[in-house]
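# Structural overview for review
So the chains spell out like this:
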Amino acid sequence: LRWRWDDASRRIIIHFWSDGKRLDWRWDELRPSEELRFPSTVPDLIGIGHVGSATFDYSFLSATAEQLQAPTSAAAAVVARPRPYGD
């Protein structure tokens, strides 16, 4: 993986590589959430994965904010979320 910040679109672009070559058909974009969730000091990241002409949504959520909102551990909350393509 290689990533870069694209200031014009305010998002992180993630490129996937194999054998030293970029995979043009596979890339992701991450956008920081508009607002912080208390008590976290970093934004959640909202993702869109691109695989050929298909896309899927995912997110990176602040473990600090997740722990405050639910009595379960952040690890349990992550496991409970569906994961694309059965990974």
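Our structure is the block above this text.
In every chain, residue numbers begin from 1 and rise along the written sequence. Residue-level local features of this predicted model are given only where pLDDT is at least 70; pairs of side-chain atoms are given and counted only at 80 or more, and the full residue set underlies all totals for whole chains, interfaces and linings. Remark: hydrogens and water are excluded; side-chain values derive from all non-hydrogen atoms of the structure.

So, about the sheet that holds strand β2 (residues 11-18). Read across the sheet, five strands follow the order β1-β2-β3-β4-β5 without closing on themselves; strand pairing throughout is antiparallel. What marks the edges here is a single partner per strand, and that holds for β1 (2-6) and β5 (54-60). Ignoring strand direction, the axes of neighbouring strands in this sheet form an average angle of 25°. Between any two strands, at least two bridges found by DSSP are needed for them to pair. Helix numbering and strand numbering both begin at the N terminus, where a helix is a DSSP run of H or I of at least 4 residues and a strand a DSSP run of E of at least 2. Here β2 runs beside strand β3 (residues 21-32); their pairing, made up of six bridges, is antiparallel. In the strand pairing of β3, H15 is matched with W27. Between N-to-C directions, angles span 0 to 180 degrees; the directions come from axes that are lines fitted to C-alpha atoms, helices contributing only their stretch in contact.

In this section: the nonpolar core. Listed in full, the six residues of the largest apolar core are I12, I14, F16, L30, F56 and Y58. Of all the secondary structure elements, the ones that give two or more residues to this core are β2 and β5. By residue number, the principal contributor to this core is β2, which donates three residues. To define a nonpolar core, start from buried Ala, Val, Leu, Ile, Met, Phe, Trp, Tyr and Cys residues and group those joined through side-chain atoms within 4.5 Å. Remark: exposure states derive from per-residue accessible area (1.4 Å probe, protein chains only) relative to the maximum for the residue type, with buried under 20%, exposed over 50%, and partly exposed in between.

Turning our attention to the pairing of β5. Relative to β5, strand β4 (residues 45-51) is paired through seven bridges, and the arrangement is antiparallel. Each residue of the ladder has a partner; that of I48, found in β5, is D57. In sequence, β4 turns back onto β5 through a hairpin of two residues, with G52 there showing a positive phi of about 60°.

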